[in-house]
Amino acid sequence: MNEAWWKEATVYQIYPRSFNDSNEDGIGDIPGIIKKLDYLDRLGVDIVWLNPVYDSPNVDNGYDIRNYRTIMDELGTMEDWEELVARLHERDIRLIMDLAVNHTSDEHEYFCESRSNDRHHDRYIWRSPDDDGPPNNWESFFGGSAWEYDERKEAYYLHLFDIKQPDLNWQNPDVRDDVYEMIEWWLDKGVDGFRLDVINLLSKPDDLPDGDPDSLLPGSEHYVNGPRIHEYLQEMNEEVLEGKDIVTVGEIFGVNINEARKFTSQDSDGLDMVFQYEHMLFDSGYERWEKREWELADLKRVFSKWQTKLRDDEWNSLYLGNHDQPRIVSRFGDDGVYRVESAKMLATFLLTLSGTPFIYQGDEIGMTNAPFDTLADFRDVATIKPIQDAIRAGRISGYEEVKEGASFRSRDNARTPMQWANEEQAGFTEGEPWIDVNPNHTEVNVERAIRQRDSVFYHYRELIELRNDHPTFVYGDYELLLDDHEEIYAFLRTLEEERFLVVLNFFEREPAFDLPTRIEYEGRELLISNYPADVCQSVEQRDLHPYEASVYRLPTAN
Ligand code: ISL
Ligand code: CA
């Protein structure tokens, strides 16, 4: 058992634009975060992951970086950032920053030069037109060709994301050296680690071959874990990460577990952990607005695999949502009648598994998806552009046609302002928010959650405490029970003499819970539940309550 502080930690993800506004301009900012540190302390988290706060023209809310060493004006100053780190550290909370180095903004100094005077040409991926068309058929994550033609330069540049996010050419050692230097610079300023944005997309093959036109994302087969990816990450590790007391988590898109192990294994790339993506895909379809039904069997299959197949020197992250995904109660729970119960059930799931749990802001009070009645309600380029393109191409008649799926899947669901109170604009801002607050803030808000002893908030807090008190939840073995049950997800966590049973009902129905007889339950103790203790005492032969989540300590491990 290789112990580490970041394995035992609970992470809280802050999307700064939507967290708390301190100066009435409607945009969350760093001073706004500083004002809420008591709140984070109260929740009991150990690490904050901050989405990008660097200078940016904001086509992709900060994932289009213009200058890696300054803070975006709207979010505050470098002094504010320094104060944030100092205040967090005073409370023993560490800070990890977002490292987005697959691409920069097209307003980055080097891209401007590569465009206008050829200096730094090789830092980006420029190609001459091929028979008057783009160099290949690769498509952007945000829809349309991944190539943009520059009239003046008479060449195309590659952008896997927005037109204003040109991809860096990682083949160029100068690009890599700059990134390593920038990492050092932030480490010297006191950051405790990084979340590495789309880190497995860095390496593109030399000849840029066409992708399979029928695939979900033509071209991705060539740059997802491209030819030199592990070489680059090993180099980054050796140059700047290795041996430092920091934590790194790589976002790896479209990677199976065997491949993923190379990223986290200490004798390979040496990242501390990865965000695997499999459980984010099984309810999505070909189009951005497609919503498919998911089955508990899928969730069990994916999670059980990641719980059991990593080696001793490999580690997993745990997340159910983030700034790119629908709200977790709306997706995996119930955002109507059983909002509170299901939010607590999902919290129990997240915080009793092996791996480092990441809580996305607002999930700790059970925030839900938002309405988005018209296309104008959205802010996210990845929602708006594909719909506009489809309307323009006549593939759909208008927003109404895709509203149900689009409003469900949109990344903006996670980006509506944090709901602090039953006040104008949910107490997020005294001005006009950059994106509408969810109308249910009258009911779902922090103030109320803090007041009510049985709120989702306190459930998260208790689960975090439970995890801190029992290393079994962090390091213990995982064993799935009732493999084929369609509604109940139950598992054991065992470490030496300690054993816990976690029972989760993922639906509203009240299934009978029959435990396998081979396990000893006599003398069990209920540790936490989302229903009153007296109705959850018995585990054998009873019906579970809607969205029930109960955790028991079992007498001995045998
Ligand atoms: O958002 C997605 C699905 O809704 C993904 O396709 C997402 O674009 C992908 O996971 C990469 O995400 C990361 O890089 C993007 C940025 O827009 C996301 O916010 C970020 O998390 C480009 O930097
Ligand atoms: Ca502000």
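In short, a report on the structure. This structure is a prediction, so every number in the text was calculated from the model and none was measured.

Looking now at the coordination of the calcium ion (ligand 2). At 2.2 to 2.3 Å from the calcium ion (ligand 2) lie its protein donor atoms, namely Asp21 (OD), Asn23 (OD1), Asp25 (OD), Ile27 (O) and Asp29 (OD). When the donors of the calcium ion (ligand 2) are listed by position in the chain, the intervening gaps give D-x1-N-x1-D-x1-I-x1-D. Relative accessible area serves as the criterion here: at 9%, Ile27 is assigned to the buried category.

This part takes up the packing of helix H6 (residues 173-188) against helix H8 (residues 229-241). Direction vectors running N to C along H6 and H8 enclose 40 degrees, while the axes themselves pass 10 Å from each other. Comparing their axes, H8 and H6 come out oblique. As for how H6 packs across H8, the hand of that crossing is right-handed. Contacts between H6 and H8 involve Arg176, Val179, Tyr180, Ile183, Glu184 and Leu187 from the former and Tyr232, Glu235, Met236, Glu239, Val240 and Leu241 from the latter.

Turning next to the packing of aromatic side chains. According to the stated counting rule, one finds 38 aromatic pairs in the structure shown. Arranged with centres 4.9 Å apart and planes meeting at 75 degrees, the rings of Trp81 and Trp186 form a pair that is edge-to-face. With Trp81 in helix H4 (residues 78-90) and Trp186 in helix H6, this residue pair connects regions lying 105 residues apart in the sequence. Ring plane angle 40 degrees and centroid distance 5.7 Å describe the contact between Tyr338 and Tyr547, whose orientation is recorded as tilted. Highlighted residues: Tyr338 in the loop between helix H11 (328-332) and helix H12 (339-352) and Tyr547 in the loop between strand S19 (542-543) and strand S20 (549-554), separated in sequence by 209 residues. Since its relative accessible area comes to 6%, Tyr547 is described here as buried. Cluster of aromatic residues (ring-pair linked, three or more members): Trp294, Phe303, Phe332, Phe349, Tyr478, Tyr489, Phe491, Phe506 and Phe507. Above the ring of Trp5, the side-chain terminus of Arg94 is found at 3.6 Å from the ring centroid. It is Lys153 that lies over the ring of Trp126; its NZ or CZ is 4.6 Å from the centre.

Burial of strand S9 (residues 193-196) is two-sided: the residues Gly193 and Arg195 facing one way and the residues Phe194 and Leu196 facing the other way are all buried. For S9 and strand S10 (residues 247-251), the ladder comprises four bridges, and the chain directions are parallel. Bridge pairing in S10 places Gly193 opposite Val247.

The next thing to look at is the sheet that holds strand S7 (residues 147-150). The sheet built from three strands is open, its strands ordered S6-S8-S7 with antiparallel pairing. Strand pairing shows two members of the sheet lacking a second neighbour, strand S6 (126-127) and S7, which therefore form its edges. Here two bridges tie S6 to strand S8 (residues 155-158), and the two strands are oriented antiparallel to one another. Across the sheet, residue Arg127 finds its bridge partner in S8, namely Tyr156.

Neighbouring ligand 1 are 16 residues; Asp60, His103, Asp197, His323 and Asp324 lie closest to it. A distance of 3.0 Å separates an oxygen atom of ligand 1 from a polar atom in the side chain of Arg195. The side chain of Glu251 places a nitrogen or oxygen atom 3.0 Å from an oxygen atom of ligand 1. Relative to its unbound accessible area of 500 Å², ligand 1 is 96% covered by the protein chains. Its residues assigned to classes, the shell around ligand 1 shows six nonpolar, two polar and eight charged.

Here is what the cut-offs are and how they apply
Residues numbered from 1 in each chain as written. Chains lettered and ligands numbered in written order. Predicted model: local features only at pLDDT ≥ 70, side-chain atom pairs only at ≥ 80, totals over all residues. Heavy atoms only, no water. Donors = N, O, S within 2.8 Å, 3.2 Å for Na, K, Ca; no water. Buried < 20%, exposed > 50% of the residue type's maximum accessible area, 1.4 Å probe, protein only. Axes fitted to C-alpha atoms, helices over the stretch in contact; angles between N-to-C directions. Helix = DSSP H or I, 4+ residues; strand = E, 2+ residues; numbered from the N terminus. Parallel < 35°, antiparallel > 145°, perpendicular 65-115°, else oblique. Left-handed = near helix turned anticlockwise from the far one by under 90°. Contact = heavy atoms within 4.5 Å. Phe/Tyr/Trp six-rings, centres within 6.5 Å; stacked < 30°, edge-to-face > 60°. Lys NZ or Arg CZ within 6 Å of the ring centre and 35° of its normal. Pairing = 2+ DSSP bridges. Near = heavy atom within 4 Å. Polar contact = N/O pair within 3.5 Å; in protein donor to acceptor, adjacent residues only side chain to side chain. Areas by Shrake-Rupley, 256 points an atom, 1.4 Å probe, with all protein chains shown as cover. Nonpolar A, V, L, I, M, F, W, Y, C, P; charged D, E, K, R; others polar.

So far we have only geometry, and geometry alone does not tell us how the molecule works.
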